[in-house]
Protein chains: 4
Amino acid sequence: VGISTGPYSGRTLGTDYTIFKGKAALSMQLVPPTYNKLNSIDIKLDRKGVVMLSFWPAVGQRKYDWQKKQHFALSATEVGSLISLGPAESCEFFHDLSKMARSGSEVKKSLSVAPTSDGNGYFFALSVMNSNTRTNERFSVPVTKAEFAVMRTVFNFVLPKILGWDIIQGGRPVESIGHNLPRQSAF
Amino acid sequence: VGISTGPYSGRTLGTDYTIFKGKAALSMQLVPPTYNKLNSIDIKLDRKGVVMLSFWPAVGQRKYDWQKKQHFALSATEVGSLISLGPAESCEFFHDLSKMARSGSEVKKSLSVAPTSDGNGYFFALSVMNSNTRTNERFSVPVTKAEFAVMRTVFNFVLPKILGWDIIQGGRPVESIGHNLPRQSAF
Amino acid sequence: VGISTGPYSGRTLGTDYTIFKGKAALSMQLVPPTYNKLNSIDIKLDRKGVVMLSFWPAVGQRKYDWQKKQHFALSATEVGSLISLGPAESCEFFHDLSKMARSGSEVKKSLSVAPTSDGNGYFFALSVMNSNTRTNERFSVPVTKAEFAVMRTVFNFVLPKILGWDIIQGGRPVESIGHNLPRQSAF
Amino acid sequence: VGISTGPYSGRTLGTDYTIFKGKAALSMQLVPPTYNKLNSIDIKLDRKGVVMLSFWPAVGQRKYDWQKKQHFALSATEVGSLISLGPAESCEFFHDLSKMARSGSEVKKSLSVAPTSDGNGYFFALSVMNSNTRTNERFSVPVTKAEFAVMRTVFNFVLPKILGWDIIQGGRPVESIGHNLPRQSAF
């Protein structure tokens, strides 16, 4: 049975950070973890959160087709990779959805982040290969130094949320809890 | 219809960070997003937040005229630009209010941030050009390294708030929600 | 009339970060702002917060005399100065309590932060001069690189709290508030 | 008597950050402070929090034996040491449990963090020496630059929580409290 974990445990629309460029748009959004209630006081993280990147193509001057969007879900470690990316460094992540349980997908995705030639930003390039439909969709969005600074800051902010550390808000004395937590002094 | 999003969703006066210098004062304040309630559990960000800079002139020894204040509202990406500004770097932002919907304004503003000659801080210079009244008001405030460190830290703090990411506080299991969120494992 | 601003708006004892060294101990503690309620939804920051440093002398092997403690209250900008201190840099702050309203004090204090000879940490030295009693108390505590990293991190954390930005938690649409906030698009 | 300090002051399972490598797994988890209620409004931190590292060995291809886990509890200053660790730097911490009150343990532990040969990450090596059983268990886990970036970010996040600074949420005017807090202007 689901639980409410805060005033906005429902959907929070419009809270994306989106950058619109010539050929495509790139937005990022925090997808928080889901939790299950174990009993009246304890909860269990059911699924870790992600940072969801979405790419969708430009179809005209300042017009973008949201119907053609493709997603890439960044894990905590992938977020850590982007946060620690040096000015001249690049990184690439691969997601093979066919290897995921019950996905039934034949889709492989790769996200490549490489510095722009002026050294002031990065190209975010998404490739989505579908072996069923034999299609390969590509998106490329240049991200400026200022935009990447926003990404880095909000990624720093979301990492504890993705892992569920933000809901750990201060413990109680051991004797007041009905089960025995290990005394930390024993470590 | 408006909703309350926290204990202090009303105005919070006196929470500015202000620096008083010889020719002018510069204050900065967080203007949080506004939200609309969609239903009993979901909300929608109506308007992104900003960091509001205010400049007002000195009119005597340690006397400043708040009536003559001028504002400059920093967007998330502009905040990102300031956060990532290197010691010898500068940046400039332009706001043309005449291009904004329903503003009816003939005002153009520019904010320039440039390193001081000693390399230890920045000059924040605001120019407000009004083509109706044919006036051009100028403010210039030197910001020390320590003051800029305060700005950088609080700007890092407000970026998730400006984008509305601070209210995303932990999701519920999909089955407990009345609508189908996409399973993140599918991305 | 005072208001409660959170579950722990009372005193929170034991939340200091303290380092014990050969000649003295140094602890730091967050003193949050105080607020006044203006009406049912708006509040006003009454007094900005500080980071309170406390020094007290060693009077034997691992024995310290808390009765002889001296304080130094760091403002937001002084915290910013410490946060942005480079490895070989130093800074010094002066507080003249005789210039403060209603203090009736003849005390002048200075805090000096200077790199240790190995370049891996800083000496925090407090001097308290009392012109009435003609005394000058001095404390000096070496702070290691690791301890200074803790200070830097928690100082980054407290800066928005000191300024009161942490209680600004998301606005409501203008039309739902009984007074007219300026539309941010006008800036 | 214990108090509830938030919606999740109970146990929050599954909120660890774990990395699985060839010879062992390494997880980290926030253990928040415990608090005691002093009266209706004041509380006292009873025990500081820690970051609990857990190591457990691989016993086959992608199989790990959680029963053989060993812990190492990082204090605030040890967390600060890791946060400020330079790319080519190393550090080592020693915990002698026999010197802890009432532990009755004959165990000594050491955690060593040293850069990998490619300079892009660190080896986290735990040694647990038990003088009773005359055993010495060793674990070594390579941590990539991206994984260490996650650690650094969440360690920055937890430091104020470990010290209890996250629960200090905004004070009230002195006159509304039944005891006299020192006026900060006196420092």
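Up top is the structure.
Residues numbered from 1 in each chain as written. Chains lettered and ligands numbered in written order. Predicted model: local features only at pLDDT ≥ 70, side-chain atom pairs only at ≥ 80, totals over all residues. Heavy atoms only, no water.

(A) Representation of helix 2 (residues 145-163) of chain D within the structure. Residues and elements named next belong to chain D. Here helix 2 contains 19 residues, and its C-alpha end-to-end distance of 27 Å stays within 8% of the 27 Å for a straight helix at 1.5 Å per residue. The sharpest bend along helix 2 comes to roughly 30°, located at Phe-157, with the proline Pro-160 sitting one to four residues further on. Most of helix 2 sits out of view: 15 of its 19 residues are buried. (Helix = DSSP H or I, 4+ residues; strand = E, 2+ residues; numbered from the N terminus. Expected span 1.5 Å × (residues − 1). Bend = angle between axes of the 7 residues up to and from the residue. Buried < 20%, exposed > 50% of the residue type's maximum accessible area, 1.4 Å probe, protein only.)

(B) Examining the sheet that holds strand 9 (residues 91-96) of chain D more closely. All names here are of chain D. Pairing is antiparallel in the open sheet, where 4 strands are placed in the order 9-10-11-12. Both outer strands of the open sheet, strand 9 and strand 12 (135-143), are each paired with one neighbouring strand and no more. Taken over all neighbouring pairs, the strand axes of this sheet differ in orientation by 10° on average, direction set aside. Across 6 bridges, strand 9 lies against strand 10 (residues 107-115) in antiparallel orientation. Residue pairing in the sheet places Cys-91 in a bridge with Val-113 of strand 10. Helix 1 (residues 76-83) rests against strand 9, strand 10 and strand 11 (122-130) of the sheet, and its axis sits at about 165° to strand 9. On top of the sheet, helix 2 reaches strand 11 and strand 12; it is set at about 100° to strand 12, its chief contact. (Pairing = 2+ DSSP bridges. Axes fitted to C-alpha atoms, helices over the stretch in contact; angles between N-to-C directions. Contact = heavy atoms within 4.5 Å.)

(C) Focus on the packing of helix 2 (residues 145-163) of chain C against helix 2 of chain D. Across the interface, helix 2 of chain C lies against helix 2 of chain D with an axial gap of 9 Å and an inter-helix angle of 90°. Relative to helix 2 of chain D, the element helix 2 of chain C lies roughly perpendicular. Two secondary-structure elements touch here, helix 2 of chain C through C:Val150, C:Thr153, C:Val154 and C:Phe157 and helix 2 of chain D through D:Asn156, D:Leu159, D:Pro160 and D:Leu163. Among the residues forming the contact of helix 2 of chain C with helix 2 of chain D, the class breakdown is 6 nonpolar, 2 polar and no charged. (Parallel < 35°, antiparallel > 145°, perpendicular 65-115°, else oblique. Nonpolar A, V, L, I, M, F, W, Y, C, P; charged D, E, K, R; others polar.)

(D) Main features of the pairing of strand 10 (residues 107-115) of chain C. Residues and elements named next belong to chain C. The sheet contact formed by strand 10 and strand 11 (residues 122-130) spans 9 bridges and is antiparallel. Its bridge partner being in strand 11, Lys-109 is matched across the sheet by Val-128. In textbook terms, the turn of a hairpin is the stretch between consecutive antiparallel strands, and for strand 10 and strand 11 this stretch comprises 6 residues, one of which, Gly-119, has a positive phi near 75°.

(E) The pattern of salt bridges, seen in detail. Residue and element names in this part refer to chain D. Inspection of every chain in the model, using the stated rule, returns 16 salt bridges over all chains. Among the salt bridges present, the one from Asp-166 reaches Lys-161, with a minimum N-O distance of 3.5 Å. The burial state of Asp-166 is the same as that of Lys-161; both residues are buried. (Salt bridge = Lys/Arg side-chain N within 4 Å of Asp/Glu carboxyl O.)

(F) Summary view of the packing of aromatic side chains. Enumeration according to the criterion identifies 24 aromatic pairs over all chains in this entry. When the centroid spacing of 4.6 Å and the interplanar angle of 90° are considered together, the rings of B:Trp56 and B:Trp66 count as edge-to-face. Residue B:Trp56 is located in strand 6 (residues 50-60), and its partner B:Trp66 is located in the loop between strand 7 (63-64) and strand 8 (70-74); the two are separated by 10 residues in the primary sequence. The class of B:Trp66 is partly exposed, set by a relative accessible area of 40%. Three or more aromatic residues joined by ring pairs make a cluster, and in this case those are A:Phe20, A:Trp56, A:Tyr64 and A:Trp66. (Phe/Tyr/Trp six-rings, centres within 6.5 Å; stacked < 30°, edge-to-face > 60°.)

(G) Here's a closer look at the side chain of D:Ser127. Residue and element names in this part refer to chain D. Here Ser-127 shows up in strand 11. Ser-127 sits in the buried class, given a relative accessible area of 7%. In this structure the side chain of Ser-127 is engaged in a polar contact, spanning 3.0 Å, whose partner is the side chain of Asn-136. Setting aside residues up to four positions removed in sequence, Ser-127 forms contacts with Lys-108, Lys-109, Ser-110, Asn-136, Glu-137 and Arg-138. (Polar contact = N/O pair within 3.5 Å; in protein donor to acceptor, adjacent residues only side chain to side chain.)

(H) Representation of the environment of B:Glu92 in the model. All names here are of chain B. Summarising the element assignment, Glu-92 is placed in strand 9 (residues 91-96). Distance in space between the C-alpha atoms of Glu-92 and Ser-112 is 4.3 Å, their sequence separation being 20 residues. Contacts of Glu-92, omitting those with residues within four sequence positions, involve Ser-110, Leu-111 and Ser-112.

(I) Summary view of the sheet that holds strand 1 (residues 12-13) of chain C. With mixed pairing, 3 strands are arranged side by side in an open sheet as 1(C)-5(D)-4(D). The open sheet is flanked by strand 1 of chain C together with strand 4 (34-37) of chain D, the only strands paired with a single partner. Bridge count between strand 1 of chain C and strand 5 (residues 43-47) of chain D: 2 bridges; the pairing is parallel. Counted as the bridge partner of C:Thr12 is D:Ile43 from strand 5 of chain D.

By themselves, these figures tell us nothing about what the structure is for.
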